[in-house]
Amino acid sequence: MTALPNSPAARDIEYYFHPVTNARRHEQLGPMIIAKGEGIHVFDDQGKEYIEAMAGLWSVAVGFGEKRLAEAAFRQMSELPFYHSFSHKSHPQAIALAERMVKMAPGKMGKAHFTNSGSEANDTVVKMIWYYNNALGRPQKKKIISRLKGYHGITLVSASLTGLPNNHRDFDVPFPQFKHVSCPHHWRFAEPGESEEDFATRLAQELEDKILAEGPETVAAFFGEPVMGAGGVFIPPRTYWQKIQDVCRKYDVLIVADEVINGFGRTGNVWGCDTYGITPDIMVCSKQITSSYVPLAAITLTNEIYNVIADNTAKIGTFGHGFTTSGHPLAMAVAMENLDIIEERNLMGRVPQLSPHFLKRLHSFKDHPLVGETRGVGLIGAIELVADKKTKAGFEKPGATGLRLAELGHEEGIIFRAIGDIIAFCPPLIITDEQIDDLFDRFGRAFARLTA
Ligand SMILES: Cc1ncc(COP(=O)(O)O)c(C=O)c1O
């Protein structure tokens, strides 16, 4: 691109080192500058309108421009802009959200803890688990198992949990204590003729074999997203989680549910854990908790785990972990207001009502010669593009087709995510049936131009 000197685009290229971006490509293309948002739409700095079919980054449940969240933030910042939670200090908003999260969380959670991001939350959980096993006198029980194509963030430990090459390559992760098992994507990874049920059984057996090979006394926890998001939206076979859970229980391996994308209604229930019958020992959520208006993640854990940790803090003198901004009053206040809005407008309850239409429009692309699979649950879905529908072979240049389609989408006024050649959709929960039609009409026009 030829950006005018001193224009926002030129200054972006000059000064801003972007996350998760091909930096050299960015220098050539320049940024897409989003200046405003309203409902399910965002507008670029030229005033062009787009449907945000990804809710930003799987985030903006209540849509853009929600004044109540701005007002809640203003009220909180006027009254108590900052206070911390170290050394017995607390404040009303942190207490209120901790109580709300414990009561809302899946399973039998007893305590809540806060961080600023999903990555920090997963890092924190690993530290809690290591601390817990040290307190129990089993210092060798430290290995963590997660899945290939799982996404759990990008700090050193959460990137180690993540099972995606782009988050490992040249960053010297994963660390050796982190092991990965297969992704439960039946369409791509099942043996010829293998049923979903048999595939789920095989993957549970693979987990058991892995635990036995490592030694059950060395395996501390299994981390998983109920529905895998950022790796490419992978919906597990119906009985997969039950089987995985049984294996974990057999070997005293803790189950950590990463609900950062799934949580707050995305899959048709409050939690992905509800959709798949998971009873986690620890749960992590973020994103839709504040509709990402401000950074926040929450961890909930059972009192069984908490009590072991708590006893050890008494022995050592403290739980020596926490951030300056853990439980930040602004994030707590915005989360409380956001969850009020979600409840008052029944945004989680609407998902099962909207889902059939969303999935019908998504699946209508199934027969296209470049579509290998369409898949979805609740209000999250994906279209996987392939070069050869029969053999499921990908394109000669992986990712180029997805990227081109995303560009055409921009021209047609829609932002979706191309994860390589997988096209992901995760619209704000406020979307209506008519807007779902508009979304897929715009996508359809972009897709038609790709193959024209
Ligand atoms: C399932 C899951 N876990 C963790 C994370 C990391 O969260 P953050 O980007 O806030 O660090 C993400 C982010 O997309 C995620 O999808």
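Up top is the structure these notes are about.
Owing to the predicted nature of the structure, the values given are computational and were not obtained by experimental measurement.

K.L.:
Sorry, what's going on with the site of the ligand here?
P.N.:
Taken together, S117, G118, S119, N122, Y151, H152, G153, E225, D258, V260, I261 and K287 are the residues near the ligand. Y151 is positioned such that a nitrogen or oxygen atom in its backbone is 3.5 Å from a nitrogen atom of the ligand. Here an oxygen atom of the ligand sits 2.9 Å away from a polar atom, N or O, in the side chain of K287. Calculation on the ligand without its partners gives an accessible area of 390 Å², and the protein chains cover 85% of this total. Per-element accounting of the shell around the ligand gives the leading share, three residues, to helix α6 (residues 118-135). Residues that form the shell around the ligand fall into these classes: three nonpolar, six polar and three charged.

K.L.:
Help me understand the environment of F175 in this model?
P.N.:
Residue placement: F175 occurs in the loop between α8 (165-168) and β6 (178-181). The class of F175 is partly exposed, set by a relative accessible area of 27%. Each C-alpha atom of the pair F175 and D123 lies 13 Å from the other, and the pair is 52 residues apart in sequence. Sequence-distant contacts of F175, that is, excluding residues within four places in its chain, are made with L156, V157 and S160.

K.L.:
Would you mind showing me how to read the packing of helix α15 (residues 347-363) against helix α17 (residues 433-451) here?
P.N.:
A pair of packed helices can be characterised by two numbers: the angle between their axes and the separation between those axes. The contact between α15 and α17 brings their axes to 10 Å, and the two run at 15 degrees. In terms of axis orientation, α15 runs roughly parallel to α17. Note on packing geometry: the crossing formed by α15 with α17 is right-handed. Contacts between α15 and α17 involve L354, H357, F358, R361 and L362 on the former and, on the latter, D433, I436, D437, F440 and D441. Broken down by class, the residue content of the contact of α15 with α17 amounts to five nonpolar, one polar and four charged.

K.L.:
Please explain the sheet that holds strand β2 (residues 41-44) as it appears in this structure.
P.N.:
Sheet strands pair by backbone hydrogen bonding; their relative direction is either parallel or antiparallel. The mixed open sheet is built from four strands, whose spatial order is β1-β2-β3-β13. In this open sheet, the two strands that pair with only one neighbour each are β1 (34-38) and β13 (414-415). As defined by bridge partners, β2 adjoins strand β3 (residues 49-52) across three bridges and the pair is classed as antiparallel. Considered in β3, the bridge of F43 is made with E49.

K.L.:
How should the pattern of salt bridges be read in this particular structure?
P.N.:
Opposite charge on two side chains makes pairing possible when the charged atoms of those side chains draw close. This model, assessed by the stated rule, comprises 26 salt bridges. Residue K250 pairs with E208 through a salt bridge whose shortest N-O separation is 2.7 Å. Here K250 is found in helix α11 (residues 240-250), whereas its partner E208 is found in helix α10 (residues 196-214), with 42 residues between them in sequence. The exposure class of K250 is exposed, given its relative accessible area of 57%. When its relative accessible area of 13% is taken as the criterion, E208 is described as buried. Between D281 and R249 there is a salt bridge whose closest N-O contact spans 3.0 Å. Placement of the pair is D281 in the loop between α12 (272-276) and β9 (282-285) and R249 in helix α11, with a sequence separation of 32 residues. Judged by relative accessible area, R249 falls into the partly exposed class, the value being 41%.

K.L.:
For this particular structure, what's the right way to read the sheet that holds strand β7 (residues 219-224)?
P.N.:
Strand order in the open sheet made by the seven strands is β4-β10-β9-β8-β7-β5-β6, with mixed pairing throughout. On the outer flanks of this sheet lie β4 (111-115) and β6, each paired with one strand and no other. This sheet shows a mean twist of 20 degrees between the axes of neighbouring strands, independent of strand direction. By the bridge criterion, four bridges tie β9 to strand β10 (residues 297-301) in an arrangement that is antiparallel. In the strand pairing of β10, M283 is matched with T300. Of the strands in this sheet, β5 (143-147), β6 and β7 are in contact with α10, which crosses β6 at around 150 degrees.

Here is what the cut-offs are and how they apply
- All residue numbers here refer to positions counted from 1 along the written sequence of the relevant chain.
- Side-chain atom pairs in this predicted model are given and counted only at pLDDT of 80 or more, local residue features only at pLDDT of at least 70, and totals for whole chains, interfaces and linings cover all residues.
- With hydrogens and water excluded, all non-hydrogen atoms of the structure serve as input to the side-chain values.
- Note on terminology: near, applied to a residue and a molecule or strand, indicates that one of the residue's heavy atoms is within 4 Å of it.
- What qualifies as a polar contact is a pair of N or O atoms within 3.5 Å, subject to a donor-acceptor requirement within protein and to the restriction that residues adjacent in sequence count only when both atoms come from side chains.
- Per-residue and other accessible areas were derived by the Shrake-Rupley procedure at a 1.4 Å probe size, with only the shown protein chains allowed to occlude residues.
- In DSSP terms, a helix is any run of H or I states spanning at least four residues, a strand is any run of E spanning at least two, and both are numbered starting from the N terminus.
- Classification used: nonpolar for Ala, Val, Leu, Ile, Met, Phe, Trp, Tyr, Cys and Pro, charged for Asp, Glu, Lys and Arg, polar for all others including Gly.
- Throughout, exposure labels follow a simple rule: accessible area from a 1.4 Å probe, protein chains only, divided by the maximum for the residue type, with under 20% read as buried, over 50% as exposed, and the rest as partly exposed.
- Here, residues are in contact when the closest pair of their heavy atoms is within 4.5 Å.
- For helices, the fitted axis covers only the stretch in contact; all axes are lines through C-alpha atoms, and the angles between them, taken along N-to-C directions, range from 0 to 180 degrees.
- Every angle not falling under 35 degrees, over 145, or within 65 to 115 is termed oblique; those three ranges are roughly parallel, roughly antiparallel and roughly perpendicular.
- A clockwise turn of the near helix away from the far one marks a right-handed crossing, whereas an anticlockwise turn of less than a right angle marks a left-handed crossing.
- Here a strand pair is declared whenever DSSP counts at least two bridges between the two strands.
- For this document, the term salt bridge refers to a Lys or Arg side-chain nitrogen within 4 Å of an Asp or Glu carboxyl oxygen.

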